[in-house]
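Single-letter residue listing:
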Amino acid sequence: MTESILNPVAHTSTQTLRRIGELPHPRGLPLLGNALQVRAERIHRDVEAWAAIHGPLFTIRLGRTTALVVADHELINAILRDRPDGFRRPSVMARVSDEMGGERGIFLAEGADWKNQRRMVMQALAPHAVKAYFPLLARVGARLQARWLRAAQAGQPIELNSDLKRYTVDVIAGLAFGTEVNTIENGDDLIQQHIERVLNAASWRSMFPVPYWRYVKLPADHRLDRSMKELRAAVDGFIAGSRRRLRENPALAERPSNMLEAMLAAADQEGSGIDDNTVVGNVSTMLMAGEDTTSSALAWLVWLFGRHPEALRKAQEEVRRIAPDPAAFSIEQMDALDYVEACAHEAIRLKPPAPFMPLETIRDTVIGDVQVPADTVVWCVLRRESMDDEYVRKAGEFLPERWLRPDAPKQLGMPFGGGPRLCPGRYLSLLEIKVAIASLLGRFDILSVDAVKPDERGEVSEILGFVMGPGQLRMRLKERG
Ligand code: HEM
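Residues numbered from 1 in each chain as written. Predicted model: local features only at pLDDT ≥ 70, side-chain atom pairs only at ≥ 80, totals over all residues. Heavy atoms only, no water.

Caption draft 1: Local environment of the overall build of the protein. A tally of helices and strands in the protein yields 17 helices and 14 strands. For the protein, whose C-alpha radius of gyration is 23 Å, the value lies close to the compact-globule estimate of 23 Å for 481 residues. Oriented by its inertia axes, the alpha-carbon framework of the protein measures out at about 65 × 55 × 45 Å. Counting only residues that meet the buried cut, the protein has 53% of its 481 residues in that class. For the protein, long-range pairs separated by at least 24 residues make up 74% of all intrachain contacts whose partners lie at least 6 apart in sequence. Of the roughly 21900 Å² that the protein leaves accessible, carbon and sulfur atoms contribute 53%. When the 62 basic and 63 acidic side-chain charges of the protein are each reduced to a single mean position, those positions are 2 Å apart. (Helix = DSSP H or I, 4+ residues; strand = E, 2+ residues; numbered from the N terminus. Rg over C-alpha atoms; globule rule 2.2 N^0.38 Å. Buried < 20%, exposed > 50% of the residue type's maximum accessible area, 1.4 Å probe, protein only. Contact = heavy atoms within 4.5 Å. Areas by Shrake-Rupley, 256 points an atom, 1.4 Å probe, with all protein chains shown as cover. Lys, Arg positive; Asp, Glu negative; His and termini not counted. Charge placed at Lys NZ, Arg CZ, Asp CG, Glu CD.)

Rendered as structure tokens:
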């Protein structure tokens, strides 16, 4: 039985509904379907290119799985709003995490579990809570600036992607654990290496056609098991430490100084439905959801500054007027960096860290004029109309000013998702971006930002892993005179 109709305005009762099998689709091979036509690291571009040919609703087939691809922002909006009852994240993600021995945090939780966790995570990431974490952000920004100052004075190039990753790792790990890991000054942190291994394994196992690890473990699978154990022990230790601090200083529950304290305080509230295992799952979720997303957005923004001197000049002017020195950064200064924020939105429009979102239907439904059975894989293509001149003036150009106008294209791209599962970290990530950009532009002139291995057009490649980031970038800076 059809239980829900998404976007009923898209069809009338006199129109007949189409079935999934009647939709246009790129021609594929028997058995394999379109599997050989897509490449994992650029699948977002493959799907965008097909959307340009087949329109906003079509299917692709990867082996035995047929996915409905939706590339229309009104339909996507309706889909994202119809959660948690109508759509879930792909079940393979939760299965892979369970098999690895992970605890399901908010990103993988569904139904009532998700509702309980969402309440807790929203408390930990609410703007007033994030403001309380600001001193840590400013400290990490100052360290990033000091690292870049050493490189500028020595005339050395900066490995941009990895430095920005250190910055977001230090911020998120500091907030999630209440412990400063300082990878900017001390090099890679052991916990970080375990997280990296777990993330890579999770992405890889979600795509691998045969789950061999259920039957036989290769050395890489044993390493993964060890990383899971080490991580669990570390997070248990951080939780025990935070619980001790909360006991010794109950006022912290009202004004938590980091996400872990905020989550524990929310978990301890009457009827929260949250136990310590769920807190463990969410500490890890924060680390995974909060690092590559923000560091990729930042890397793209700096790369775009390298190509748009006029926007760079305006951003520099704003930073030097409002927030020139990390030692004196304040939340009010960051809130006043309107042009830098517009640059961040524009960079995320052109280069969204999450350019498409895979989901699954929970019940029979109708999307547009298509009847969609329960358990169908649905891919939402988020970057299509936001890059189309029909919807956005000069869509391919980097024009931050468009975000300062009342008709800013806010509804189109949905880079932070939408509906009840809208990214709860968007305020924190924008703040992190502003702190990093102010630390950069306040002290330095950018001499160059170049792709180490440019693509055939001389541009930096878009590489889709856990998120969509740029290929390796190298930056040269000069200390401001
Ligand atoms: C530029 C940076 C970021 C981008 C582009 C981004 C994007 C997204 C997107 C597209 C989703 C899926 C939303 C949906 O299903 O509708 C999401 C979910 C999520 N994000 Fe972010 N994110 C960013 C930064 C962060 C940060 C810094 C954190 C936290 C520290 C965070 C935490 C989360 C969590 C916990 C979820 C799951 C929410 C849920 O399922 O209810 N994100 N993010």
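Caption draft 2: Spotlight on the sheet that holds strand β3 (residues 57-62). Reading across from one edge, β3-β4-β10-β7-β5 is the order of the five strands in this open sheet, with mixed pairing throughout. Where the open sheet ends on each side, the last strands, each with one partner, are β3 and β5 (87-88). Its contacts with the sheet place helix α2 (residues 73-81) against β3, β4 (65-70), β5, β7 (356-361) and β10 (377-381), and it is angled at close to 125° to β10. (Pairing = 2+ DSSP bridges. Axes fitted to C-alpha atoms, helices over the stretch in contact; angles between N-to-C directions.)

Caption draft 3: Seen up close, the pattern of salt bridges. According to the stated counting rule, one finds 35 salt bridges in the structure shown. A salt bridge links aspartate 268 to arginine 243; the nearest nitrogen and oxygen atoms lie 3.0 Å apart. Remark: arginine 243 occurs in helix α10 (residues 219-248) and aspartate 268 occurs in the loop between α11 (259-267) and α12 (276-290); sequence separation between them is 25 residues. Salt bridges here are not isolated pairs; linked through shared partners, they connect Arg45, Glu48, Lys351, Arg383 and Glu462. (Salt bridge = Lys/Arg side-chain N within 4 Å of Asp/Glu carboxyl O.)

Caption draft 4: Highlighting the site of the ligand. Of all residues adjacent to the ligand, which total 26 residues, the nearest are Arg83, Arg89, Trp114, Arg118 and Cys423. The contact in question runs from an oxygen atom of the ligand to an N or O atom on the side chain of arginine 118, over 2.8 Å. Within the side chain of arginine 421, one N or O atom sits 2.9 Å away from an oxygen atom of the ligand. (Near = heavy atom within 4 Å. Polar contact = N/O pair within 3.5 Å; in protein donor to acceptor, adjacent residues only side chain to side chain.)

Caption draft 5: Seen up close, the packing of aromatic side chains. Across all of its chains, the model carries five aromatic pairs by this definition. When the ring of tryptophan 204 is compared with that of tyrosine 212, the centres are 6.3 Å apart and the planes differ by 70°; the resulting orientation is edge-to-face. For tyrosine 212, a relative accessible area of 16% translates into the label buried. Both rings, one in tryptophan 300 and one in tryptophan 303, keep their centres 5.7 Å apart while their planes meet at 75°; by these two values the pair is edge-to-face. Residue tryptophan 300 and its partner tryptophan 303 are located together in helix α13 (residues 292-307), separated by three residues, close to a single helical turn. Taken as a pair, tryptophan 300 and tryptophan 303 share a single burial class, namely buried. These aromatic residues form a ring-pair network of at least three members: Trp204, Tyr212 and Trp213. If you follow arginine 89 out to its NZ or CZ, it ends over the ring of phenylalanine 107, 3.9 Å from the centre. For the cation-ring pair, lysine 351 lies above tryptophan 300, with the distance from its terminal atom to the ring centre recorded as 4.6 Å. (Phe/Tyr/Trp six-rings, centres within 6.5 Å; stacked < 30°, edge-to-face > 60°. Lys NZ or Arg CZ within 6 Å of the ring centre and 35° of its normal.)

Caption draft 6: Representation of helix α4 (residues 111-125) within the structure. In this model α4 runs 21 Å from its N-terminal to its C-terminal C-alpha over 15 residues, within 8% of the 21 Å that 1.5 Å per residue would give. Inspection of α4 places Trp114, Gln117, Arg118, Met120, Val121, Ala124 and Leu125 among the buried residues, and these make up the whole buried set. Buried positions along α4 lie against α5 (127-132), α11, α12 and α17 (426-441). (Expected span 1.5 Å × (residues − 1).)

Caption draft 7: Spatial organisation of the sheet that holds strand β11 (residues 444-451). Here we have three strands laid out as an open sheet, ordered β6-β14-β11, and antiparallel in their pairing. The sheet terminates laterally at β6 (158-159) and β11, the two strands that pair on one side only. Inspection of the sheet shows β11 paired to strand β14 (residues 473-479) by seven bridges, in the antiparallel sense. Its bridge partner lying in β14, serine 448 is registered against arginine 476.

Caption draft 8: Quick peek at the side chain of glutamate 48. Structurally, glutamate 48 can be placed in helix α1 (residues 43-54). When its relative accessible area of 14% is taken as the criterion, glutamate 48 is described as buried. When neighbours within four sequence positions are excluded, glutamate 48 is seen to be in contact with Pro355, Val381 and Arg383.

Caption draft 9: Up close: the side chain of asparagine 282. Summarising the element assignment, asparagine 282 is placed in helix α12. For asparagine 282, a relative accessible area of 0% translates into the label buried. A polar atom in the side chain of asparagine 282 sits 2.8 Å from the backbone nitrogen of isoleucine 106. Once residues lying within four places of it in the same chain are set aside, the contact partners of asparagine 282 are Gly105, Ile106, Gln117, Met120, Val121 and Met263.

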